[in-house]
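Observations on the model geometry
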Amino acid sequence: MHASPLVAMVGNPNAGKSALFNALTGARQKVGNYPGVTVERHSGRLSLDDGRPVELVDLPGTYSLDPVSADERVTVDVVTGRGGFERRPDAMIVVVDASNLDNHLRFALQLIALKLPVVVALNMVDLAERDGLTLDPDVLARELGVPVVPTVAVRRRGIDVLKAQLGILLGQRVPTRDAVDAVPEEIGVLQRRARQIADAATVSETPTRRWNHALDAVALHPVVGPVLLVSLLFVMFQAVFTWSEAPIAVIEGGFTALDSAIKSVMPDGFLRSLLTDGVIAGVGAVVVFLPQILILFAFILVLEASGYMVRAAFLMDRMMSRVGLSGRAFIPLLSSFACAVPGIMATRTINDEKDRLTTILIAPLMTCSARLPVYTIIIGAFIPNTRVAGFVGLQGLVLLVLYLLGILGAFIAALVLRRTVTQGASSGFMMEMPKYQMPRFRDVAIGLWQRAYIFLKRAGTTIALTTVILWALLSFPKAPEGQSQVNYSVAGRIANGIEVAVRPIGFNRDIALALIPAMAAREVAVAAIGTVYAVDDPEDAKGERTIVDNLRHRWTLPTALAFLMWFVFAPQCISTIAVTRRETNGWKWPLFMIGYLFAAAYIMAGLTYWLAVAVGL
Amino acid sequence: MTANLNLETLPRHQAATVDSIEWTRLATPEARRLRELGFDAGVSIEVLHRARFGGGPIACRIGRMTVALRRAVAGAVRVSLDPLPAE
Ligand SMILES: Nc1nc2c(ncn2[C@@H]2O[C@H](COP(=O)(O)OP(=O)(O)OP(=O)(O)O)[C@@H](O)[C@H]2O)c(=O)[nH]1
Ligand SMILES: [Mg+2]
């Protein structure tokens, strides 16, 4: 028995389903201005005006009931009740984009033919107005035979009317016919009907200034377009460094103050060491990077919200086709710069299976934000903060090179994979380009807040836990006077064992020690090194030497460079491995991914080390 | 005069109409997606952009939508130029 009726949000990609879902339920599902943002079903609750509860489900957008890709299959399975979900929806909210009516109505007609109770949300009427279109919802309702409610999801216009209509619809309790009963109509016929209805519902159409086209004239220009794309990415990486300096200093100051406060009130001992050397040295070393991660995310969120993402995919398609991918793969890959996990999820929108698999396998090579702490700390310690050619920061430049190395590695990997394990016909690239929109402050802010929350939660759980365990393994057994505590400890003994394997590529004991806990999350490498030096600081009894001082003191430049190179390739992330297992239905591909990436990491780090030593760095 | 014009060769910003689509030249999923994006005989079409020099995808306006597609697919879309509007 189900107490509350189930209502599904269905419609073309980018129609505003998730925005509407958020407005109706108060949820914070991701919205973005490109097709294929939502790739899973998400449930939410809403109460009708009379208090009746309704379960609303947000679904991935699809163009028809013939799914081509994995995300579309989710929607079709829910709508037709075929996917082994507990039940079919009792009603649907069919979302159509008012500024793109003829195309969206075709799918709406197909959905209405399913004979489930339907209300059409005529969304984005503000954009239609911007385009000089005036529509008559009553004509539309008459032609379609179902209620039509004009809405502007992002400004919550029409939400109450939509809710009221939903209440009426669910109150009627129309007996639902089975989806498979619906007569499938020829798509061309539906298309023409859709165009007729759209024409009939269009009251007037005044040509407006096409600033969309004006923007595209620049963004898609054969020469200016690629230059703009590269410049945007360049500014993004420079900003990650330069804009974050001040907030990082503030956070660092906070942790230092906390550290001295604890040291001044607590007597030296087990608990104090756990707090200062374990938690603060470890977690603090990671939390400091919050500003950088937020700056990176802000850039990506703005690009996603503006509609530029598909333009970038367009510009990249040529290059991606050379390695056997399509421009479509660019969007999951770019979001992998934030984190490979949602990136790998987003590959669901790629319809060709081999194409999708290749994209999943190379996604971990995109430099995710968890690598930023590792890169930043090493760069900060070993690369001088000078300017090249007057205005470009050398540190930012090195960071950019690391990102580019990841991209280059990914391209080479794709090229090889497509010729070996993921062979197949070259897949196509066909994508709707959304209209440009001004990014909404609220959406970006929510995205940033969610990211900050995830990051801090991870710092407080996974990272704190691994560093405390590491601290314990480093602190016991207690070394006799005059011997190195780290070498004497359990962790140190293990690390000295591993060091044998990584010495050929220039890694020292401290790196060996950091690599294993860093499997939990890459940032832990930084936390681990922070903890090692807090526990083992013979030259500085008061522990006031920073991680950076310690690094400079103990590592050579070739070692540091090899360490950076290792992190460009190494699949040091359990979540990525887990999501790969889930999305490829088995252990075969995640194991393959781990194998090839570790091999690449070892070889590249080794090459870097020996090259650096050879040239006398 | 415009007998063999297709979307791949259509000059930029030339108002045109889709004549027919050679479905047999396309892979099944590709053909279906093309249909779903509104490509159909009688629909107005215009080439907006071509990425880089040769080889890259094409961005076109079809109905009210802007769609990016590869040249090989565009080659299967036969078009005819619209008569010039009277001055
Ligand atoms: N101007 C305007 N923008 C809207 C409206 N509704 C949604 N948007 C924007 O349109 C874009 C797409 O919205 P989403 O809610 O992500 O669309 P979706 O239908 O869930 O898309 P998929 O998940 O990709 O299928 C976002 O940039 C929204 O901010 C609206 O009524 N007016
Ligand atoms: Mg969505």
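We now turn to the structure provided with this report.

Scoring rules and cut-offs
- Residues numbered from 1 in each chain as written.
- Chains lettered and ligands numbered in written order.
- Predicted model: local features only at pLDDT ≥ 70, side-chain atom pairs only at ≥ 80, totals over all residues.
- Heavy atoms only, no water.
- Helix = DSSP H or I, 4+ residues; strand = E, 2+ residues; numbered from the N terminus.
- Rg over C-alpha atoms; globule rule 2.2 N^0.38 Å.
- Buried < 20%, exposed > 50% of the residue type's maximum accessible area, 1.4 Å probe, protein only.
- Contact = heavy atoms within 4.5 Å.
- Areas by Shrake-Rupley, 256 points an atom, 1.4 Å probe, with all protein chains shown as cover.
- Lys, Arg positive; Asp, Glu negative; His and termini not counted.
- Charge placed at Lys NZ, Arg CZ, Asp CG, Glu CD.
- 1 Å grid on protein atoms, 1.4 Å probe; cavity = no way out; pocket = protein on both sides within 12 Å on 5 of 7 lines; lining within 4 Å.
- Points joined across faces, edges and corners; volume = space filled by probe spheres on them.
- Nonpolar A, V, L, I, M, F, W, Y, C, P; charged D, E, K, R; others polar.
- Near = heavy atom within 4 Å.
- Polar contact = N/O pair within 3.5 Å; in protein donor to acceptor, adjacent residues only side chain to side chain.
- Sits in = over half its atoms within 2 Å of the grid points.
- Donors = N, O, S within 2.8 Å, 3.2 Å for Na, K, Ca; no water.
- Pairing = 2+ DSSP bridges.
- Axes fitted to C-alpha atoms, helices over the stretch in contact; angles between N-to-C directions.
- Buried area = accessible area lost by both parts, 1.4 Å probe.
- Salt bridge = Lys/Arg side-chain N within 4 Å of Asp/Glu carboxyl O.

For the rest of this paragraph, the subject is the overall build of chain A. Looking only at helices and strands, chain A has 27 helices and 11 strands in total. For chain A, whose C-alpha radius of gyration is 28 Å, the value lies close to the compact-globule estimate of 25 Å for 617 residues. Dimensions of chain A, computed from C-alpha atoms along their principal axes, come out at roughly 90 × 55 × 45 Å. Here chain A, with 617 residues, has 57% of them falling under the buried criterion. Expressed as a percentage of contacts within chain A between residues at least 6 apart in sequence, the contacts between residues at least 24 apart total 73%. For chain A, the computed accessible surface area is about 25,200 Å², with 62% contributed by carbon and sulfur atoms. Across chain A, the centroid of the 56 positively charged side chains sits 2 Å from that of the 50 negatively charged ones.

A few words now on empty space enclosed by the protein. Residues and elements named next belong to chain A. In this structure the tally under the stated criterion is 3 cavities of 30 Å³ or more. Looking at the largest cavity, its volume works out to about 450 Å³. Lining of the largest cavity is provided by 31 residues; of these, Asn14, Gly16, Val31, Gly32 and Met124 occupy positions nearest its centre. A per-element tally of the lining of the largest cavity places helix 1 (residues 17-25) first, with 3 residues. Partitioned by chemical class, the residues of the lining of the largest cavity number 16 nonpolar, 10 polar and 5 charged.

All names here are of chain A. The environment of ligand 1 is made up of 25 residues, and the closest members are Lys17, Ser18, Ala19, Thr38 and Asp126. One of the backbone N or O atoms of glycine 32 is found 3.2 Å from an oxygen atom in ligand 1. In the model, an oxygen atom of ligand 1 is placed 3.1 Å from a nitrogen or oxygen of the glycine 61 main chain. Its atoms largely coinciding with the cavity grid, ligand 1 occupies the largest cavity. Looking at the shell around ligand 1, the elements with two or more residues in it are helix 1 and helix 4 (125-130). Top contributing element to the shell around ligand 1 by residue count: helix 1, with 3 residues. Residues belonging to the shell around ligand 1 are distributed by class as follows: 12 nonpolar, 10 polar and 3 charged.

Now for the coordination of the magnesium ion (ligand 2). Residues and elements named next belong to chain A. In this structure, Ser18 (OG) and Thr38 (OG1) serve as the protein donors to the magnesium ion (ligand 2), at separations of 2.0 Å. Residue serine 18 is located in helix 1, and its partner threonine 38 is located in the loop between helix 1 and strand 2 (42-47); the two are separated by 20 residues in the primary sequence. Neither residue differs from the other here; serine 18 and threonine 38 are each classed as buried.

Right, let's get into the sheet that holds strand 2 of chain A. What holds strands together in a sheet is hydrogen bonding between their backbones, with the strands either parallel or antiparallel. Residues and elements named next belong to chain A. Read from one edge of the open sheet, 6 strands run 2-3-1-4-5-7, paired in mixed fashion. The open sheet has two edge strands, strand 2 and strand 7 (148-150), and neither has a second partner. Across the sheet, the axes of successive neighbouring strands diverge by a mean angle of 25 degrees, strand direction being ignored. Two strands pair when backbone bridges link them, and strand 1 (residues 6-11) and strand 3 (residues 53-58) are joined in this way by 4 bridges, in the parallel orientation. For leucine 6, the partnering residue across the bridge sits in strand 3 and is glutamate 55. Taken strand by strand, helix 3 (residues 101-112) contacts strand 1, strand 4 (91-97) and strand 5 (118-123), and its axis lies near 165 degrees from that of strand 4.

So, on to unusual backbone geometry. Residues and elements named next belong to chain A. Residue lysine 115 is not a glycine yet carries a positive backbone phi of 70 degrees. Looking at where lysine 115 falls in the secondary structure, it is placed in the loop between helix 3 and strand 5. By relative accessible area, which is 45% here, lysine 115 ends up partly exposed. Here methionine 124, not a glycine, exhibits a phi torsion of approximately 60 degrees, which is positive. Mapping methionine 124 onto the fold places it in the loop between strand 5 and helix 4. With relative accessibility at 12%, the residue methionine 124 sits in the buried group.

A separate point is the pairing of strand 1 (residues 16-21) of chain B. Residues and elements named next belong to chain B. With 2 bridges connecting them, strand 1 and strand 2 (residues 44-50) associate as antiparallel partners. Across the sheet, residue threonine 17 finds its bridge partner in strand 2, namely serine 44. Here strand 1 runs beside strand 5 (residues 77-81); their pairing, made up of 5 bridges, is antiparallel. For serine 20, the partnering residue across the bridge sits in strand 5 and is arginine 78.

With that settled, the discussion passes to the interface of chain A and chain B. Between chain A and chain B, the residue contacts involve 42 residues of the former and 33 residues of the latter. Between chain A and chain B, a total of about 3,300 Å² is buried, with carbon and sulfur atoms accounting for 55% of that surface. Of all residues in chain A, Phe314, Arg318 and Met430 of chain A give up the largest surface area on contact with chain B, accounting jointly for 22% of the area buried on that side. Between arginine 33 of chain B and glutamate 72 of chain A there is a salt bridge, with the nearest N and O atoms lying 3.0 Å from each other. Across the chain A-chain B interface, the total number found is 12 residue pairs in polar contact (both at pLDDT 80 or more).

On their own, these measurements won't tell you what the molecule is for.
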